[in-house]
Every structure is written in C-alpha cells, then in structure tokens.
Amino acid sequence: MIRRPLSRGLLCLAALCASVPAARAQSPTAASAAAMPSADAYSAEVATEWFGLALLLTQQTPGMSPPVASRALAYLSLALYESVAPGLPGQRSLAGQLNELQSLPWAQPDEPLHWPTVAHTAMASMTRMMFPHASAENKNRIDLLERSLPQKLARDFDPQRVNAEVRTRSETFGKLMAMALMTWARTDGGHEAWGPLRRHQANYVPPSGAGQWSPTPPAYAPALLPWWGTVRPFALPAADACPAPPPPAYSEEAGSVFQRETAEVHRISQAATQEQRQVSLYWADDPLKTPTPAGHWSFIATDQLKTGKASLARAAQVYARLHLAMADAFIATWKTKYTVNLLRPVTAVQLTIDSQWVPTLMHTPPFPEYPSGHSVLSSAAAGVLEREFGASTRFTDNTHNDRGWGPRSFASFRAAADEAAISRMYAGIHFRSGIEGGKVQGRCVAERVIGLSMGAR
C-alpha cells in the first residue's frame, strides 16, 4: 500500500499534489490521535446520511441501470473508507490491493485531521462526480446536505474541538482523496456508461443460433450494456475469476433438463401464489422506481449500522466491503451473461410450449438469462453482511416501507438473498439453473472481497 502525503497548508487538487514528495511505502497511522480522536470515536451518521442521499440519487438519476448504480456506490464507499482509514490504528488502505490502484494520498502524522470533516468532504465531492446527470433539484440536495450536516451532527462537528486550521486541512484531504479516486475511476471502462458504452450498443449484434438470446417482448429492447463484463473489477483479479457452473445444455426435446426447467417457469408463473407474487414485486428493484438491487442491500446495511450504533470507522469498512462486492458481482455476471448468451424463459416457452405466453408480473429485462443477476448480487451482498454482522443475524428489511411493500423479516442475510434469487423465477424471467448458478458465483465474489486486508474491524 502506498499513500502520498498531504503537503502542509497546500491545496493542490487540480494536479493531485504532483509537487509533493515522492510516494512512501508505509501504512497510514493515527500518530495524530493525541491531538484529535481516531475515526472510531465518531458516529456513523456522516456515512449513513450521505448514503441515504446516494440512494435517492440512484433512484432518480437517468442512466442508473443496476450495473452503473453498483459502480457509483462502490466509488462512494471507497471515498468514505480511504478518507478515514488513516484515522484508525491498524487500518489498511486498499491501494495496492485493488486492480491498478497503486497509490493514494495519506495524512501527515504531525498534522491532525478531523475525521468526520474529512469523510463529509470526500463524500460530497465524490457524490457530485458520480451523479453528474442528477437533476437540478437533486444537485441542490447535495449542496444542502454539505452545508447542513455539520450543524445537524453538532456532536461530531463540535466547533469547540475543531479549529479553522484543522477544518481546512481536513476538507483539503477529503477533496484530494475524492479526486485521486475519481482519476482512477475514469480508467475502468465504465466511466460515463451512458456515453461510450451506450454508443457501442448500436454496433452490438447478438450471436444467433439455437438457444441464443434475442430481444424479448413487449419492447424488444436492444441488449443493455453488452460490454459491462469488460469493466475493470475492483477486487476480482479478472471478470471471469468467479465462474458460474455451466447451465443445462439447450434442448427443445420433451423431458430434457432444459425443457423441464422451461416448463417449471411457465407453470409457476401461471399459478403463482399471492405470496410468490409479493416476493417477485418486492425484490424487483427496478431502476428509476427504486434505488436498484444494490441500493436495496445498501439500505439493509444502513439499518444494521444504525441499529448497532456503529462508529464512522465501522461504517466505512462495512460500506466498502458491501459495495465493492456488489459492483464486482455485476461485472462478473455480465461477463458470464454475454459469454453464455442464453435465451430468456419467455423465448423458450414461446418456442416449445405456448407461443402467446409472456410473464404477467414484469417485463423481461433486455439482456441474456444466465446467470440471474439478482442471485449473484444478493448472494455476494449476503456473504459480506454475514461476515460483518453474523450469519445468524435476524433482521427486518425496511427498504420499501415508503412504497407500501414492507417491512419483511428474515432469519438471516442468506435467507433474504435466497428469497431475492427465487423471486426471479416466480416472476417468470429466470430458469432455476440461472438462480442456483448465480448463487455460486455471488458467494465466490463475496469471498474474494472478504479476503481484502482492511485491518481492524
């Protein structure tokens, strides 16, 4: 891990402090703790307030499809984590552990920082950069939160303990961290996915042949982000480092494994119980209507942090692991989807069972079937939350209470992930093998992210 020092009194954001001394190989320390408390002495409220706004922006900003949203949340969580990691003894930067992230700013040991101010400034800066297409009203919300949060959280931002010099230095470090991470983000292949990657869609021609994916009714929309599997992962060494097991071979023969799965989707969707219908809609997490699947699990994590009265340092670690896992889960599943390129149940059913059938609960998303993205992402998220809060943690999910769809209670994070996964078969848009294969892939992603060295818990 390499960090670059924050030069005394120097605001050098535009050039990313190119003029400061050469990078040094050392872990961040809390040597300044004698003057200012460490990052675990403050509440998680700076973090939870900013992620609360981020989920609203995710829901309301055009272009925030589920993969794009997961990427934005991952970079926000990195800005939070790296901005406070120097403020906790034993905490390690992820520089040198994440792909192509070799160096980041680091705090001078003899220059005290106020960690809530550092985190607050880093989050404000990164939020603006991750949501450049937010509405004018939502950009005003970002400005308002930046101005009002220190007054709202007076205990953490006590002006009697933070003088002007420390505050200015802390703001500088937070901005510098956000800019450094944004410079790295621009090289991942997913930056402004509504631009270059969307333009490539006009040239994307899906492979043809028996069992291959093709656009589905009713909209017959073109493939969504067909190149997302080439986006640079965060923790995975490569997009295909966590493969899903192969699906059953495509077959139109009665009695084959593939045809049994096709008939199962058709049968269940036709005779879904009221509970199965509710489960399908609860976990749909459609973009522009909800904060997407990644936002759903982020909301669950926020509730856990609030319930446990977590510290700022604890929240930074939980958010980082969770959002990195979900971002890598989408990259991994998109790589598999467009490699396997399996047709969707609606196409298979129309070919062999009922030419007029379409799922009644929701439209089929415009990308290949295998594996189920909800299954991969939810299993990855649950794996991280099990590690952070315990495998047997019972919890109540309040994500959709304001929409009248909840709350829903679960015996564990894995139970919730399994329900999210099977919901896609109840809805008629995934085969069982896509769900089960997605769980395998998601758990692998979680293990990779859990393997990152972050130091103290």
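Residues numbered from 1 in each chain as written. Predicted model: local features only at pLDDT ≥ 70, side-chain atom pairs only at ≥ 80, totals over all residues. Heavy atoms only, no water.

> Describe the packing of aromatic side chains, and please don't skip the residues or the numbers.
Counting across every chain of the model gives 16 aromatic pairs. Ring centres 4.6 Å apart and planes at 50° place the aromatic pair W334 and F367 in the tilted group. With W334 in helix α10 (residues 312-340) and F367 in the loop between α11 (345-352) and α12 (373-389), this pair connects stretches of sequence that are 33 residues apart. By the burial criterion, W334 is buried, and F367 matches it. Pairing F389 with F413 gives two aromatic rings, centres 6.3 Å apart and planes at 50°, and the pair type is tilted. (Phe/Tyr/Trp six-rings, centres within 6.5 Å; stacked < 30°, edge-to-face > 60°. Helix = DSSP H or I, 4+ residues; strand = E, 2+ residues; numbered from the N terminus. Buried < 20%, exposed > 50% of the residue type's maximum accessible area, 1.4 Å probe, protein only.)

> Give me the state of the cysteines: which residues, what numbers.
If you walk through the whole model with that rule in mind, you get one disulfide. Here C242 is linked by a disulfide to C444, with a sulfur-sulfur distance of 2.0 Å. Measuring the twist about the S-S bond at about -70°, one finds the C242-C444 disulfide to be left-handed. Of this pair, C242 sits in the loop between α6 (196-200) and α7 (257-270) while C444 is found in helix α14 (residues 432-450), placing the two residues 202 residues apart along the sequence. (Disulfide = S-S within 2.5 Å.)

> So, the pattern of salt bridges: which residues are in play, and what are the values?
Inspection of the entire model under this criterion finds 19 salt bridges. Between E419 and R408 there is a salt bridge, and its shortest N-O distance comes to 3.0 Å. Placement of E419 in helix α13 (residues 413-426) and of R408 in strand β4 (residues 408-410) is noted, with a sequence separation of 11 residues between them. For E419, a relative accessible area of 16% corresponds to the buried category. Via salt bridges that share partners, R314, R321, R387 and E388 belong to a single interconnected network. (Salt bridge = Lys/Arg side-chain N within 4 Å of Asp/Glu carboxyl O.)

> Tell me about the layout of surface pockets, residues and numbers included.
Put simply, the largest pocket is a space of about 630 Å³. In terms of lining residues, the largest pocket is bounded by 29 residues, among which D286, P287, P365, P366 and F367 are the most central. Elements represented by at least two residues in the lining of the largest pocket include exactly α10 and α12. Of all the elements, α10 adds the most residues to the lining of the largest pocket, at three residues. Of the residues that constitute the lining of the largest pocket, the class distribution is 16 nonpolar, seven polar and six charged. (1 Å grid on protein atoms, 1.4 Å probe; cavity = no way out; pocket = protein on both sides within 12 Å on 5 of 7 lines; lining within 4 Å. Points joined across faces, edges and corners; volume = space filled by probe spheres on them. Nonpolar A, V, L, I, M, F, W, Y, C, P; charged D, E, K, R; others polar.)

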